[in-house]
Amino acid sequence: MSKLKIAVIISSTRPTRFGELPAKWIAEKINERPELQAEIVDLRDFNLPFFDEMASNAWMPSANDNAVKWQNKISEFDGYVFVTAEYNRSITGALKNALDQAYVNWNKKPFGAVGYGSVGGARAVEHLRNIGVELQMVPTRSAVHIGGADFAAVHPGFGGTKTIADLESSIGNSAKDMLDQLTWWAKATKVARDADAALVQAAE
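This section reports on the structure supplied with the text. Here the residue numbering is sequential within each chain, running from 1 through the sequence in written order. This being a predicted model, a pLDDT of at least 70 is required before a residue's local features are given, and a value of 80 or more before pairs of side-chain atoms are given or counted; all residues contribute to the totals for chains, interfaces and linings. Derived side-chain values reflect all non-hydrogen atoms in the structure, with water molecules and hydrogen atoms excluded from consideration.

**Topic: the overall build of the protein chain**
Selection rule: Strands here mean DSSP runs of E at least two residues long; helices mean DSSP runs of H or I at least four residues long; both are numbered from the N terminus. The cut-offs for exposure are 20% and 50% of the maximum accessible area for each residue type, with area from a 1.4 Å probe on protein chains only; residues under the lower value are buried, those over the upper are exposed, and the others partly exposed. Two residues qualify as a contact provided that any one of their heavy atoms is within 4.5 Å of a heavy atom in the partner residue. All accessibility values rest on the Shrake-Rupley procedure with a 1.4 Å probe; residue burial counts only the protein chains present in the view.
Scanning the protein chain for helices and strands turns up six helices and six strands. Each helix and strand of the protein chain, ordered N terminal to C terminal, gives the series β-α-β-α-β-α-β-α-β-β-α-α. C-alpha extents for the protein chain along the principal axes are approximately 60 × 40 × 25 Å. Here the protein chain holds 204 residues, and 49% of them are scored as buried. A fraction of 79% describes how many contacts in the protein chain between residues 6 or more apart in sequence connect residues 24 or more apart. Within the structure as shown, the protein chain displays about 10,200 Å² of accessible surface, and the carbon and sulfur contribution to it stands at 53%.

Encoded structure:
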């Protein structure tokens with residue numbers, strides 16, 4: 001089997017965002033695994049409008065060119081890791097909009113999460129799991145949470161001077177668990193999607 005492609009999605013678009021640092025760290029972790037290949041996908045690069053289609057692309061094709069570009073991009077992957085801040089006990093507005101811009105493109109694929117903030121983005125990640133279920137995705141049980149003193153130690157805005165790698169003793173095991181689960185589900189769902197595609201092709 002060729003390497004499974006995993007998108008690491010940076011879910012904040014603010015100029016002062018922190019998300020690039022954990023995104024690079026988890027992408028390196030992914031690329032250490034022989035069966036996985038990571039690509040960082042930045043929401044800034046897609047200039048998505050607020051969702052304004054006639055309907056979800058589950059029911060009809062999207063009209064906005066940037067939305068279609070986004071759908072085509074996320075369709076390339078076998079799984080995802082969302083790197084998300086917590087805004088008012090949920091995910092970022094930019095990420096919610098990006099999720100809403102597609103439907104069939106997310107279906108039957110797994111995802112993990114790296115959350116950060118005062119409580120490690122825990123409430124945002126839990127909300128993300130619920131959204132993922134509606135999109136027919138498979139959320140991993142484990143996630144990475146960067147919070148409290150660890151968050152302050154690595155966030156430049158708080159005077160932090162450590163790197164994410166310096167937190168290995170705090171978050172390394174969580175990252176391993178999440179990626180173990182993501183790998184298993186990415187393999188399983190790819191086999192199932194390929195079988196579905198073969199049945200459709202045979203019926204044509």
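**Some points on the environment of Leu48**
Within the secondary structure layout, Leu48 lies in the loop between strand S2 (36–42) and helix H2 (65–74). For the pair Leu48 and Asp65, spaced 17 residues apart in sequence, the C-alpha to C-alpha distance is 9.2 Å. Each residue touching Leu48, except ones within four places of it in the same chain, is listed here: Asn66, Ala67, Trp70, Asn97, Ala98 and Gln101.

**With respect to the packing of aromatic side chains**
We apply this condition: For Phe, Tyr and Trp, where Trp contributes only its six-membered ring, two rings pair if their centres lie within 6.5 Å, and the inter-plane angle classes them as stacked under 30 degrees, edge-to-face over 60, or tilted in between. Only when the NZ atom of a Lys or the CZ atom of an Arg is both within 6 Å of the ring centre and within 35 degrees of the ring normal do we say a charge sits over the ring.
According to the stated counting rule, one finds twelve aromatic pairs in the structure shown. Here Phe46 and Trp70 contribute two aromatic rings whose centre-to-centre distance is 5.0 Å and whose plane-to-plane angle is 75 degrees, an arrangement assigned as edge-to-face. Of this pair, Phe46 sits in the loop between S2 and H2 while Trp70 sits in helix H2; the two residues are 24 residues apart in sequence, bridging distant segments of the chain. For the pair shown, Phe46 and Trp70 are each scored as buried. With a centroid separation of 6.2 Å and an interplanar angle of 20 degrees, the aromatic rings of Tyr80 and Phe82 are classed as stacked. Geometry around Phe77 places Lys5 over its ring, the cationic atom sitting 5.3 Å from the centre. Taking the ring centre of Phe46 as reference, the NZ or CZ of Lys69 above it sits at 5.4 Å.

**Brief notes about a nonpolar patch on the surface**
This is how it is decided: To count toward a patch, a residue needs a relative accessible area over 30% and no salt bridge; like charges are then connected within 9 Å, while nonpolar side chains (Val, Leu, Ile, Met, Phe, Trp, Tyr) are connected within 5 Å. Within this document, salt bridges are pairs made up of a side-chain nitrogen of Lys or Arg and a carboxyl oxygen of Asp or Glu, the two lying within 4 Å of each other.
Nonpolar side chains collect at one region of the surface, where Met54, Trp59 and Met60 lie side by side and expose about 450 Å² of accessible area between them. If you trace the backbone, Met54 turns up in the loop between S2 and H2.

**Comments concerning helix H3 (residues 93–100)**
Regarding H3, the residues found buried are Leu95, Asn97, Ala98 and Leu99. Where H3 is buried, its residues touch H2, strand S3 (79–85) and helix H4 (122–134).

**Some points on the nonpolar core**
The condition that has to hold: For the purposes of this section, nonpolar cores are sets of buried Ala, Val, Leu, Ile, Met, Phe, Trp, Tyr and Cys residues that join through side-chain atoms within 4.5 Å.
If you look at the biggest cluster of nonpolar residues, it comprises 29 residues, and the most contacted ones within it are Val8, Ile26, Ile30, Val81, Val114, Val144 and Ile146. Every element with two or more residues in this core is listed here: strand S1 (4–10), helix H1 (20–31), S2, S3, strand S4 (110–117), strand S6 (144–147), helix H5 (148–154) and helix H6 (168–203). Of the residues forming this core, the biggest block, six residues, is contributed by H6. Not counting the four nearest positions on each side in its chain, Val114 is found in contact with Pro22, Ile26, Val81, Phe82, Val83, Thr84, Val144, Ile146 and Met178. Counting residues in each nonpolar core, the second largest holds 26 residues, with Ala98, Tyr103, Met137 and Ala143 among its members.

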